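If you want the building blocks of each chain, they are given just below.
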Amino acid sequence: MLGFPGQFVHLIMQCVETTSSSVPINGNLFGFFQDDILLLVRDDKTFVHILHQQLVNFGNVSGLEINPGKSSIYFGRLSENTKVRILQDTGFSEGSFPFNYLEVPLSPHRFLASQFFPLLHKLEMAIQSWLGKHLSYAGRLELLKSVLQGMVQFWLNIFALPNLVIKQITCLCRNFLWSGNALKRSSAPVAWEKVCLPK
């Protein structure tokens, strides 16, 4: 095996052959599925054919197979005839927008504020899971900066958030910092603008 130690080859093969892995974050396991992949290609039958052929070749070499039942194609502006030919050639089904990829909704259109509910819900659930932990202001601030802002930053790398959503996120974070609860307002001993200043 090209001179690599057997233990090293074994570890690499475990990574390649394992369908999922998880990472512990703040005591909770978050799964990352290695068999989920999003491939983008020009809206041309030839390019789709080349990509599909490469996936088949990869399967032949690796022993992995494409599962057409779990595979979808999402089209942009394309004629119905071309769509039908591509679907027949690949054996995949046509997907519809929006769809979730790695827990993030994707669409070729600009999202409405209401479509950011999954992010707001995730933030609220994280905050509610910390209820009853008797956290100090400093502890809540650290969770706010490391966990909540990390979730928001992940979405900001993908989307421009509407102002309404930013206000809702700010409200959740402010409520959590001062009261320990996402849904309960409390008087703030320090102005939010000062809390947000760089340290």
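Residues numbered from 1 in each chain as written. Predicted model: local features only at pLDDT ≥ 70, side-chain atom pairs only at ≥ 80, totals over all residues. Heavy atoms only, no water.

1. Notes on the pattern of salt bridges
Counted according to the given criterion, the structure contains 3 salt bridges. Lys-83 is the partner of Glu-94 in a salt bridge, and the nearest nitrogen-oxygen pair spans 3.8 Å. Linking Glu-94 in strand E4 (residues 93-94) with Lys-83 in helix H3 (residues 80-90), this pair joins segments that are 11 residues apart in sequence. Look at Glu-94 and you get partly exposed, because its relative accessible area is 42%. (Salt bridge = Lys/Arg side-chain N within 4 Å of Asp/Glu carboxyl O. Helix = DSSP H or I, 4+ residues; strand = E, 2+ residues; numbered from the N terminus. Buried < 20%, exposed > 50% of the residue type's maximum accessible area, 1.4 Å probe, protein only.)

2. Re the packing of aromatic side chains
A full pass over the atoms with the stated rule returns 10 aromatic pairs. Aromatic pair Tyr-74 and Phe-99: ring centres 3.8 Å apart, planes at 20°, arrangement stacked. Of this pair, Tyr-74 sits in the loop between strand E3 (72-73) and H3 while Phe-99 sits in strand E5 (residues 99-101), and the two are 25 residues apart along the sequence. The exposure class assigned to Phe-99 is buried, which follows from its relative accessible area of 13%. Seen in terms of ring centroids, Phe-116 and Phe-159 are 5.6 Å apart; in terms of plane orientation they differ by 85°. Their pairing is edge-to-face. (Phe/Tyr/Trp six-rings, centres within 6.5 Å; stacked < 30°, edge-to-face > 60°.)

3. A word on the environment of Trp-130
Mapping Trp-130 onto the fold places it in the loop between helix H4 (117-129) and helix H5 (137-156). Looking at Trp-130, the relative accessible area reads 13%, which means it is buried. Separated by 10 residues in the primary sequence, Trp-130 and Arg-140 have C-alpha atoms spaced 9.1 Å apart. Excluding residues within four positions of it along the chain, Trp-130 makes contact with Leu-135, Leu-143, Val-147, Leu-148 and Phe-176. (Contact = heavy atoms within 4.5 Å.)

4. Examining the side chain of Asn-181
For Asn-181, the location among the structural elements is in the loop between helix H6 (163-179) and helix H7 (192-195). Here Asn-181 falls in the buried class, since its relative accessible area comes to 17%. The residues touching Asn-181, leaving out its near neighbours within four places in the chain, are Ile-127, Gln-128, Leu-131, Asn-175 and Phe-176.

5. Quick word on the environment of Phe-47
Its location among the elements puts Phe-47 in helix H2 (residues 45-62). Ignoring any residue separated from it by four or fewer positions in sequence, one finds Phe-47 in contact with Val-41 and Arg-42.

6. A closer look at the nonpolar core
Core analysis: the largest hydrophobic core is formed by 30 residues, its most contacted members being Leu-123, Trp-130, Leu-148, Phe-159 and Ile-169. Put simply, the parts of the chain that give this core at least two residues each are strand E6 (104-106), H4, H5, H6 and H7. Every residue in contact with Leu-123, bar those within four places of it in the chain, is listed here: Leu-148, Met-151, Val-152, Ile-169 and Leu-172. In terms of nonpolar packing, the next biggest core, distinct from the first, is built from 7 residues, Val-48, Ile-73, Phe-75 and Leu-87 among them. (Core = buried A, V, L, I, M, F, W, Y, C linked by side-chain atoms within 4.5 Å.)

7. Points about H2
Two residues of an α-helix separated by three or four positions point the same way, owing to the 3.6 residues in each turn. With 18 residues, H2 extends 26 Å from end C-alpha to end C-alpha; this agrees with the ideal 26 Å at 1.5 Å per step. Of all the residues in H2, the buried ones are Val-48, His-52 and Gly-59. Down the axis, H2 shows its buried residues gathered within 30° of arc, on one side only. Turned more than 90 degrees from where H2 packs its buried face, Asn-60 and Val-61 sit exposed. Contacts from the buried residues of H2 go to H3. (Expected span 1.5 Å × (residues − 1). Arc of directions from axis to C-beta.)

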